[in-house]
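Tertiary structure, described
If you want the building blocks of each chain, they are given just below.
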Amino acid sequence: MPRSIKKIGVLTGGGDCPGLNAVIRAIVKSAVQRHNITVIGIEDGYDGLVLPDKTRELTPWNSRGILHVGGTILGTSNRANPFKYRITVNGNTEIRDVSSDVVERIKTLELDALIIIGGDGTLHIASHFYNLGCSIVGVPKTIDNDIPATDVTFGFSTAVETATEMLDRLHSTAESHHRVMVMEVMGRYVGWIALESGIAGGADVILIPEIPYDIEQVCQKIIRRNQKGCRSSIVVVAEGASPIGGALTVLQPAVEGGSAERLGGVGNKVGIQIRKNTGIDVRVTTLGHLQRGGSPNAFDRLLSTRFGVAAVELVVNNQFGQMVCLKGQNIDSVSLINVVGGQKKVPTETGLVKTAEKIGINFGRQS
Ligand code: F6P
């Protein structure tokens, strides 16, 4: 007989993505209306469990009208890690483990369980709290689509759609000016956004972290196109792409107990090299956070709603330490242990990469 659940907390951690509000809405509606459970929203990720006055009750009434709204009504943080929490004392920054305070806080708030919506970092922290005895259920989110054990994360489809639309726009101006247009998209360690938007948006070259690129192969492809009379080319580059034997392009290094390293700039590097090696005019666009903001598409609204409802079911059935996931057409769950620390990479010798190569898309390698 599962323990009866009366009150739960919900938080969103890490970088935002389209669909977070749709998950929150589904959690609130099903928990309150279906199971008579009180829902407490925790603001700004784990900060809301460390700092005072950062919780509020979520009701179907105050969670209305958010299904289509981007971002998260709870706020988020990709710096707050209670196991390595940055505290400033007398002007000096110290890193402290405040996890036991968080466990106490959960007790004080009388939360029978916590639903944690986040990417790898946030879910990793969630699994540590589960190991400390907290009743945790995870919901995977990220536009990068790099979380293992789920076929897809919400936010990804919208990001791919946004990037595809931007590529459509770049095509026309590229064609008018006979230019090479390079577009840099997000994707720290995996190239899903670059791959899918690149194929959908008719790119000629796609560079992803999983396939270190040879710039000569890229330039040869562009020159061949030019010789055939195609006077413009489109190159999509994931921010985490790197040349063979080369390193990631880091904009800002990681901060201990703070944010991860910020990537960015590889699009420019690639653009400069293409210009130098081919003599063709090049322009570079970095899509950045335009991919993360805005309204979720219908697919992401559906997936978010299914994840939110499934997370509440796991809580009601006391299946803690689990993360909801999508397997084929079905919603399922997996142990958080099987998720954290892993990365769902793009397969480089099968599937979409091979399909793309068969229609002539170049990945910075011979194919
Ligand atoms: O959500 C993951 C991600 O989109 C990465 O692809 C990107 O490197 C990162 O977020 C950027 O995050 P921030 O908001 O810290 O700039």
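See the structure printed just above.
Residues numbered from 1 in each chain as written. Predicted model: local features only at pLDDT ≥ 70, side-chain atom pairs only at ≥ 80, totals over all residues. Heavy atoms only, no water.

Here's the deal with the pairing of strand 5 (residues 92–96)
Stated formally: Should DSSP find at least two bridges between two strands, the strands are regarded as paired. Working definition: helices are DSSP H or I runs of at least four residues, strands are E runs of at least two. Numbering for both runs from the N terminus.
With five bridges connecting them, strand 4 (residues 85–89) and strand 5 associate as antiparallel partners. In the strand pairing of strand 5, Val89 is matched with Asn92.

Here we look at the site of the ligand
Put simply, the test is: Here a residue is considered near a molecule or strand provided that any single heavy atom belonging to it is located within 4 Å of it. Here a polar contact is taken to be a pair of N or O atoms separated by no more than 3.5 Å, where protein atoms must pair a possible hydrogen donor with a possible acceptor and residues adjacent in sequence count only if both atoms sit in side chains. Residue-level accessible areas treat just the shown protein chains as cover; the underlying method is Shrake-Rupley with a 1.4 Å probe. Residues are grouped as follows: Ala, Val, Leu, Ile, Met, Phe, Trp, Tyr, Cys and Pro are nonpolar; Asp, Glu, Lys and Arg are charged; every other residue, Gly included, is polar.
Close to the ligand lie Asn78, Ile143, Asp144, Met186, Gly187, Arg188, Glu239, His289 and Arg292, which account for all nearby residues. Note that an oxygen atom of the ligand is positioned 2.9 Å from one of the side-chain N or O atoms of His289. A distance of 2.8 Å separates an oxygen atom of the ligand from a polar atom in the side chain of Arg292. Surface burial for the ligand is 81%, taken as the share of its 400 Å² of free accessible area covered by protein chains. Residues belonging to the shell around the ligand are distributed by class as follows: two nonpolar, three polar and four charged.

Notes on the nonpolar core
Here is the rule we go by: Take the buried residues of types Ala, Val, Leu, Ile, Met, Phe, Trp, Tyr and Cys, join any two whose side-chain atoms come within 4.5 Å, and each joined set is a nonpolar core. Burial status follows relative accessibility: with a 1.4 Å probe on protein chains alone, a residue under 20% of its type maximum counts as buried, one over 50% as exposed, and anything between as partly exposed. The source of the domain bounds is an automatic or database domain assignment.
Core analysis: the largest hydrophobic core is formed by 61 residues, its most contacted members being Ile8, Ile115, Ile117, Val139, Phe154 and Phe363. Two domains each provide a minimum of three residues to this core, namely domain 1 (7–154 + 296–328) and domain 2 (159–292 + 347–358). If you look at the next biggest cluster of nonpolar residues, it comprises 27 residues, including Leu111, Ile116, Phe129 and Met323.

Observations regarding the packing of aromatic side chains
Put simply, the rule reads: Any pair of Phe, Tyr and Trp rings, taking the six-membered ring for Trp, is counted once the centres come within 6.5 Å. Such a pair is stacked with planes under 30 degrees apart, edge-to-face with planes over 60 apart, and tilted for the rest.
Here the structure, examined in full by the defined rule, presents three aromatic pairs. An angle of 45 degrees between the planes, with centres 4.8 Å apart, marks the rings of Phe83 and Phe129 as tilted. In this pair, Phe83 sits in the loop between strand 3 (55–58) and strand 4 while Phe129 sits in helix 4 (residues 120–131), placing the two residues 46 residues apart along the sequence. On the basis of an interplanar angle of 70 degrees and a centroid distance of 6.4 Å, the ring pair of Phe154 and Phe307 is categorised as edge-to-face. Of the two residues, Phe154 sits in the loop between strand 7 (136–140) and helix 5 (156–177) while Phe307 sits in helix 9 (residues 298–316), which places them 153 residues apart along the sequence. With relative accessibility at 0%, the residue Phe307 sits in the buried group.

Describing the sheet that holds strand 10 (residues 233–238)
What counts here: Note on definitions: angles span 0 to 180 degrees between N-to-C directions of axes, and those axes are lines fitted to C-alpha atoms, for helices only across the stretch in contact. The contact criterion used throughout is that any non-hydrogen atoms of two residues lie within 4.5 Å.
Overall, parallel pairing links the four strands, which are arranged 9-10-8-13 in an open sheet. Pairing within the sheet leaves two strands with one partner each, and these edge strands are strand 9 (205–207) and strand 13 (282–286). The average angle at which neighbouring strand axes cross in this sheet is 15 degrees, direction not considered. Pairing analysis gives three bridges linking strand 9 to strand 10, with the strands arranged parallel. In the strand pairing of strand 10, Leu207 is matched with Val237. Its contacts with the sheet place helix 5 against strand 8 (180–185), strand 10 and strand 13, and it is angled at close to 165 degrees to strand 8.

Quick look at the packing of helix 6 (residues 192–200) against helix 10 (residues 351–358)
In a packed pair of helices, the relevant descriptors are the angle between the two axes and the axis-to-axis distance. Condition: Handedness of a helix crossing follows the sense of rotation of the near helix relative to the far helix, less than a right angle counterclockwise being left-handed and clockwise being right-handed.
As a packed pair, helix 6 and helix 10 sit with axes 11 Å apart at the nearest point and diverge in direction by 35 degrees. For the crossing formed where helix 6 meets helix 10, the hand is left-handed. Across from Leu195, Glu196 and Ile199 in helix 6, the residues of helix 10 making contact are Leu352, Val353 and Ala356. Across the contact of helix 6 with helix 10, the residue classes break down as five nonpolar, no polar and one charged.

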